[in-house]
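What follows is each chain in one-letter form.
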Amino acid sequence: MYKQILKNTQPIVYRILNNLMTSKNFGHAFLIVGQNGTPKTETAFFIAQSILCNTSELACEACNNCIRVKENNYADLMYFDGLKNTLKKEDVIDIKSKFSLTPLEENGKKIYIIDNIDKSSISALNSLLKFLEEPSEDTIAIFTCESIEKVLSTIVSRCQIIYLKNPDVNLYMNNAIDKGINNLDAYLISNIKPNYDINDVIEDEDYQIALVSAKKFLMGFNDLYGVLYYIQKEIFTKDSVKNIKILTYMLDIISLFFIDTYKGVSINLDWYSELLNTYVKKDYTNVILLLIEAKDKLNINNFNVSLVLEQMFYKVIEEVNK
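Description of the structure in this document. Note that the structure is a prediction, hence the values are computed from the model and not measured. (Residues numbered from 1 in each chain as written. Predicted model: local features only at pLDDT ≥ 70, side-chain atom pairs only at ≥ 80, totals over all residues. Heavy atoms only, no water.)

**Here's the deal with the overall build of the protein chain**
(1) Moving on: Across its full length, the protein chain holds 16 helices and five strands.
(2) Moving on: In terms of principal-axis extent, the alpha carbons of the protein chain reach across some 60 × 45 × 35 Å.
(3) Moving on: Counting over 322 residues, the protein chain shows a buried share of 49%.
(4) Moving on: The contacts of the protein chain with a sequence gap of at least 6 include a subset with a gap of at least 24, amounting to 69%.
(5) Moving on: Of the roughly 16,400 Å² of accessible surface on the protein chain, a fraction of 49% belongs to carbon and sulfur atoms. (Helix = DSSP H or I, 4+ residues; strand = E, 2+ residues; numbered from the N terminus. Buried < 20%, exposed > 50% of the residue type's maximum accessible area, 1.4 Å probe, protein only. Contact = heavy atoms within 4.5 Å. Areas by Shrake-Rupley, 256 points an atom, 1.4 Å probe, with all protein chains shown as cover.)

What follows is the structure, encoded as structure tokens:
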């Protein structure tokens, strides 16, 4: 359950939320701030669960409301991912319009979550500010961001700010190993998905497919076009969301590998460690930037996935062979 993960990895945040929910002393807006890798989205949904929970002050995560919120299936909850689609003024107008209607749920509270609000357009933020300035009694906003400096100060001043600390990757990894997770999975997931439930990631078919694909990429580096063909033929499905999830995992694993190569990391991680020894130790910053750029493009709907991968593979080959 996420509540236990939050308690173990973000104890200060856990106590703050527990106090706020118990006392009911919270305002109409939250802003969750944390670097990449911190559980901003999970914390946003946990706050929504806690506000709407049927059985306890802090989300039980088991009642009907908690489950529906987690599945984004609660009628009076709206979720907008600003990383996939830049929040525009029209989107804020849509939120305002829907939240002007009578609540559909018995609870009567309406919640909207805007993930990655720091990616929003200025016009959207200005429009959102006007909405925040005159909040209805039962409407609650939950925002997340990496860079609080990119959010209007007038919006920030109206929010209860929750700062997430950077994850302790080594502690997370060692705890996973102690629970019987193999070293490679514990290491990879701790670095690319810190603060997630490792068992959930391991059991995710998309992660397992991505791990095989990353291995093929790194082992077949002299034939990356063959690897590209494999990915297009064996991995791509009709489900574009699934494709992007697999490729995001894969690019994260490959990025970590090149970071570890440059650092000269020496660890016993089966094939991963063996491959580290076959690559030249040098600065792979440009390669990593290409991988990050490809990942960002994959999460924007109007980019062709095959074309993004083909261009990335070509550029990566050039950089590594310099």
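**A few points about the packing of helix 13 (residues 240-263) against helix 16 (residues 305-320)**
(1) Moving on: Following both chains from N to C, one finds helix 13 and helix 16 inclined at 10°, their axes separated by 13 Å at the closest point. Judged on the interaxial angle alone, helix 16 and helix 13 are roughly parallel. Listed contacts from helix 16 to Ile244, Leu247, Leu251 and Phe258 of helix 13 are Val305, Leu309, Met312 and Val320.
(2) Moving on: Split by residue class, the contact of helix 13 with helix 16 holds eight nonpolar, no polar and no charged. (Axes fitted to C-alpha atoms, helices over the stretch in contact; angles between N-to-C directions. Parallel < 35°, antiparallel > 145°, perpendicular 65-115°, else oblique. Nonpolar A, V, L, I, M, F, W, Y, C, P; charged D, E, K, R; others polar.)

**A word on the state of the cysteines**
(1) Moving on: In the structure shown here, the tally under the stated rule is zero disulfides.
(2) Moving on: Cys63 supplies the cysteine sulfur nearest to Cys66, a cysteine that is in no disulfide, at a spacing of 3.6 Å. (Disulfide = S-S within 2.5 Å.)

**Things to note about helix 15 (residues 285-298)**
Residues lying three or four places apart along an α-helix face the same way, a consequence of the helix completing one turn every 3.6 residues.
(1) Moving on: When the terminal C-alpha atoms of helix 15 are compared, their 20 Å separation across 14 residues agrees well with the 20 Å that a helix rising 1.5 Å per residue should span.
(2) Moving on: Looking at helix 15, one finds that the buried residues are Val287, Ile288, Leu290, Leu291, Ala294, Lys295 and Leu298. For helix 15, the buried positions fall inside an angular range of 155° around the axis, keeping them on one side. (Expected span 1.5 Å × (residues − 1). Arc of directions from axis to C-beta.)

**Remarks on the pattern of salt bridges**
(1) Moving on: Under the criterion given, the structure shown has eleven salt bridges.
(2) Moving on: Salt-bridge contacts for Arg68 lead to Glu105; the nearest nitrogen and oxygen are separated by 2.2 Å. Within this pair, whereas Arg68 is found in helix 4 (residues 64-70), its partner Glu105 is found in the loop between helix 5 (89-99) and strand 3 (110-115), the two being separated by 37 residues in sequence.
(3) Moving on: Overall, Arg68 belongs to the buried group, its relative accessible area being 18%.
(4) Moving on: As a salt-bridge pair, Asp94 and Lys98 come within 3.4 Å of each other at their nearest N and O atoms. Placement of the pair is Asp94 and Lys98 together in helix 5, with a separation of four residues, close to one helical turn.
(5) Moving on: A single salt-bridge network, built from bridges that share partners, covers Asp204, Glu205, Asp206, Lys242 and Lys245. (Salt bridge = Lys/Arg side-chain N within 4 Å of Asp/Glu carboxyl O.)

**Some words on the side chain of Glu61**
(1) Moving on: Mapped onto the fold, Glu61 is located in the loop between helix 3 (40-52) and helix 4.
(2) Moving on: Lacking a salt bridge, the buried Glu61 has Lys3 as its closest oppositely charged neighbour, with an N-O distance of 5.5 Å.
(3) Moving on: Separated by 3.0 Å, the side chain of Glu61 and the backbone nitrogen of Tyr2 make a polar contact.
(4) Moving on: Of the polar contacts made by the side chain of Glu61, one reaches the backbone nitrogen of Lys3; its length is 2.8 Å.
(5) Moving on: Once residues within four sequence positions are removed from consideration, Glu61 is found in contact with Met1, Tyr2, Lys3, Phe46, Gln49, Cys66 and Ile67. (Lys, Arg positive; Asp, Glu negative; His and termini not counted. Polar contact = N/O pair within 3.5 Å; in protein donor to acceptor, adjacent residues only side chain to side chain.)

**Re the environment of Asp118**
(1) Moving on: Relative to the helices and strands, Asp118 is located in the loop between strand 3 and helix 6 (122-133).
(2) Moving on: For the pair Asp118 and Thr285, spaced 167 residues apart in sequence, the C-alpha to C-alpha distance is 25 Å.
(3) Moving on: Each residue touching Asp118, except ones within four places of it in the same chain, is listed here: Thr144, Cys145, Glu146, Ser147, Lys150 and Val151.
(4) Moving on: In terms of polar contacts, Asp118 uses its side chain to reach the backbone amide nitrogen of Glu146, at 3.1 Å.

**A few points about the environment of Ile5**
(1) Moving on: Secondary-structure assignment places Ile5 in helix 1 (residues 2-9).
(2) Moving on: Sequence separation between Ile5 and Pro39 is 34 residues; the distance between their C-alpha atoms is 10.0 Å.

**Here we look at the nonpolar core**
(1) Moving on: Counting residues in each nonpolar core, the largest one holds 55 residues, and the members touching the most others are Leu188, Phe217, Leu218, Phe258, Tyr272 and Phe313.
(2) Moving on: Looking at this core element by element, the count peaks at eleven residues for helix 13.
(3) Moving on: Counting residues in each nonpolar core, the second largest holds 32 residues, with Leu6, Cys66, Ile111 and Leu164 among its members. (Core = buried A, V, L, I, M, F, W, Y, C linked by side-chain atoms within 4.5 Å.)

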